[in-house]
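Chain by chain, the residues run as shown.
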Amino acid sequence: MIPYGRQDVTEEDLIAVVEALQSDFLTQGELTSRFEQAVAKRVGALHGVAMNSATSALHVACVAVGLGPGDVLWTSPNSFVASANCGIYCGADVDFVDIDPVTLNMSVSALERKLKDARETGRRLPRVVVPVHFSGQPCDMREIGELARDYGFRVIEDASHAIGAAYAGKPVGACEHSDITVFSFHPVKIVTTAEGGVAVTNDPDLAARMARLRSHGITRDPTEMTHVPDGAWYYQQIELGWNYRMTELQAALGLSQLRRLDHYLTRRREIANRYDLALADMRLTLPVREPTNRSALHLYVVKLDDPLRHGEVFNRLRADGIGVNLHYIPIHLQPFYRKRGFVEGDFPNAEEYYSRAISLPMFPALTKVQQDKVVTAVRRAVAD
Ligand SMILES: *Cc1c(COP(=O)(O)O)cnc(C)c1O
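Asks: Explain unusual backbone geometry to me, and be specific about the residues and the numbers.
Replies: Look at the link from H327 to Y328: it is a cis peptide, with omega at 0 degrees. Counting through the fold element by element, Y328 comes out in the loop between helix 10 (310-319) and helix 11 (335-338). In the Ramachandran plot, S135 falls in the positive-phi region, its phi being about 65 degrees despite a non-glycine side chain. Here S135 is to be found in the loop between strand 4 (128-130) and helix 6 (141-151). Of the residues examined, S135 reaches a relative accessible area of 13% and is grouped as buried. One non-glycine residue, A168, lies in the positive phi region at around 50 degrees.

Asks: Pulling in residues and values, what's your account of the site of the ligand?
Replies: With respect to spatial proximity, 16 residues lie near the ligand, and among them T55, D158, H161, S184 and K189 are the closest. Contact distances for the ligand include 2.5 Å between an oxygen atom and a side-chain N or O atom of T55. In the model, a nitrogen atom of the ligand is placed 3.3 Å from a nitrogen or oxygen of the S160 side chain. The fraction of the free accessible surface of the ligand (380 Å²) that becomes covered by protein chains is 93%.

Asks: Lay out the pattern of salt bridges in plain terms, naming residues and giving numbers.
Replies: In total, this model carries 22 salt bridges according to the counting rule given. Where D262 meets R42, a salt bridge forms, and the shortest distance between an N and an O atom there is 3.0 Å. Linking D262 in helix 9 (residues 261-278) with R42 in helix 2 (residues 30-43), this pair joins segments that are 220 residues apart in sequence. On the basis of relative accessible area, D262 is assigned to the partly exposed category, the value being 45%. For R42, a relative accessible area of 29% puts it in the partly exposed group. Note that D281 and R379 form a salt bridge whose closest N and O atoms lie 3.6 Å from each other. Placement of the pair is D281 in the loop between helix 9 and strand 12 (284-285) and R379 in helix 13 (residues 368-383), with a sequence separation of 98 residues. Since its relative accessible area comes to 59%, D281 is described here as exposed. Connected through shared salt-bridge partners, R209, R212, E224 and E239 make up one network.

Asks: Would you mind going over the sheet that holds strand 3 (residues 93-96) in detail, with residue names and values included?
Replies: An order of 1-9-8-5-4-2-3 is seen for the seven strands of this open sheet, with the pairing classed as mixed. Two strands close off the open sheet at either side, each with one partner strand: strand 1 (47-51) and strand 3. Going from strand to strand, the sheet's axes swing by 20 degrees on average, the running direction of each strand aside. Strand contacts of helix 3 (residues 54-64): strand 1, strand 2 (72-75), strand 5 (154-158), strand 8 (180-184) and strand 9 (197-201), with the helix running at about 165 degrees to strand 8, the strand carrying the most contacts.

Asks: Quick one: what's the story with the packing of helix 3 against helix 4 (residues 82-89), residue by residue and with numbers?
Replies: Geometrically, a packed helix pair is captured by the angle between its two axes and the distance between the axes. Across the interface, helix 3 lies against helix 4 with an axial gap of 9 Å and an inter-helix angle of 45 degrees. One finds that helix 3 runs oblique with respect to helix 4. Between helix 3 and helix 4 lies a crossing of right-handed hand. Contact residues: T55, L58, H59 and C62 in helix 3; A82, S83, C86 and Y89 in helix 4. When its residues are assigned to classes, the contact of helix 3 with helix 4 shows five nonpolar, three polar and no charged.

Rules used in this analysis
The numbers attached to residues start from 1 for each chain and follow its sequence in the written order. Whole-chain, interface and lining totals are the exception, using all residues; otherwise, since this is a predicted model, local features are given only for residues with pLDDT of at least 70 and side-chain atom pairs are given and counted only at 80 or more. As a convention, hydrogens and water are excluded, and side-chain values are obtained from all of the structure's heavy atoms. The way it works is that DSSP assigns letters per residue, a run of H or I at least four long becomes a helix, a run of E at least two long becomes a strand, and they are numbered from the N terminus. Any residue under 20% of the maximum accessible area for its type is buried, any over 50% is exposed, and the rest in between are partly exposed; the area is computed with a 1.4 Å probe on protein chains only. If even one non-hydrogen atom of a residue comes within 4 Å of a molecule or strand, that residue is called near it. Residues adjacent in sequence count toward polar contacts only when both atoms are side-chain atoms; beyond that, a polar contact is any pair of N or O atoms within 3.5 Å, and within protein one must be able to donate a hydrogen and the other to accept it. Using a 1.4 Å probe, the Shrake-Rupley method yields the accessible areas, and only the shown protein chains count as cover for residues. We define a salt bridge as a side-chain nitrogen of Lys or Arg found within 4 Å of a carboxyl oxygen belonging to Asp or Glu. Only strands that DSSP links by at least two bridges are regarded as paired with each other. Angles shown run from 0 to 180 degrees and are taken between the N-to-C directions of axes, each axis being a line fitted to C-alpha atoms and, for helices, limited to the stretch in contact. We call two residues in contact when some of their heavy atoms are within 4.5 Å. Between 65 and 115 degrees an angle is taken as roughly perpendicular, under 35 as roughly parallel, over 145 as roughly antiparallel, and anywhere else as oblique. For any pair of crossing helices, the crossing counts as left-handed if the nearer helix is rotated counterclockwise from the farther one by less than a right angle, and right-handed if it is rotated clockwise. Note on residue categories: nonpolar means Ala, Val, Leu, Ile, Met, Phe, Trp, Tyr, Cys or Pro, charged means Asp, Glu, Lys or Arg, and polar means any other residue, Gly included.

Spatial relationships are all this shows, so hold off on functional conclusions.
Set out below in structure tokens:
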């Protein structure tokens, strides 16, 4: 089976991880701070806080910006469930904003309409909005940032798909129009630490708070303590946090992988360009790349012209050894969210998209021979 995504682990990665394993610290050492700084530098942010997953980073980011019971978080229904669950972890409610059918990202006009409507009818405005850069294609951050100022919400970018992407000439993660940006380093993502996430921000207070929350809410900084330290051993727990720390082994892998980010982006672009040409004449809609922004091309999603053949085409591709996948089942249609009151028809663009979408294999080591096999299988499955 040709998978839809796969990590690329080199000899240098192995050496880096073994070195970390033989060092004095397996966790809470130098490598984790080096990795978080390297990610921050690469994406143009001042601070980075590494965690054991992007899910943890989203949770901690929500706590850090003050999300809590009685609040509501809005995100895109076309995402992984973690983009919404982070609100529930905080005791907040979650609501969604439908997608733009072309970019597949949260629609800015739908967001604006929903905000206006909430203000006019006296319904709760969101405390936090989580735009998701679906497939690595940046959301309209300038417009979202302007709405954030008008309506007083905080913005946490879910950039799990988007390390290396650029919005209006700046890297995603520069946080020009947001408070915090979160990256995932799960093995299917662009760069991996096996499990891992990094939250970046330009706000030193948010960075310090997130660093504290990932480690039990404990501080060793005397200026944050209620009294002068009892001694050199002293620390204080000043709020409730979690153990969301990244290990040194993961950071070593991440540092090594990050050096190949440009190579990965180039490979993804080459593969996407090749798909664009080879699939152009089929009964499919190909992904749209906006000329002004640079997508990190985490996913290559095609939409079938005929939704009635969706399941059949998907099954045929799997039977032909093509590990196609579907990103994403609309979050609001998950049983957990239906129980919270969402129903079919709530976000029609996300649902319509779901009825046609198929993610084709897309990862740096995909060979031309493998890609040709994918194209041939798609041609057969779609034409029949
Ligand atoms: C992968 C992913 C996450 C979760 O990342 P983890 O590191 O696995 O916790 C969150 N949001 C999106 C959009 C993702 O693709």
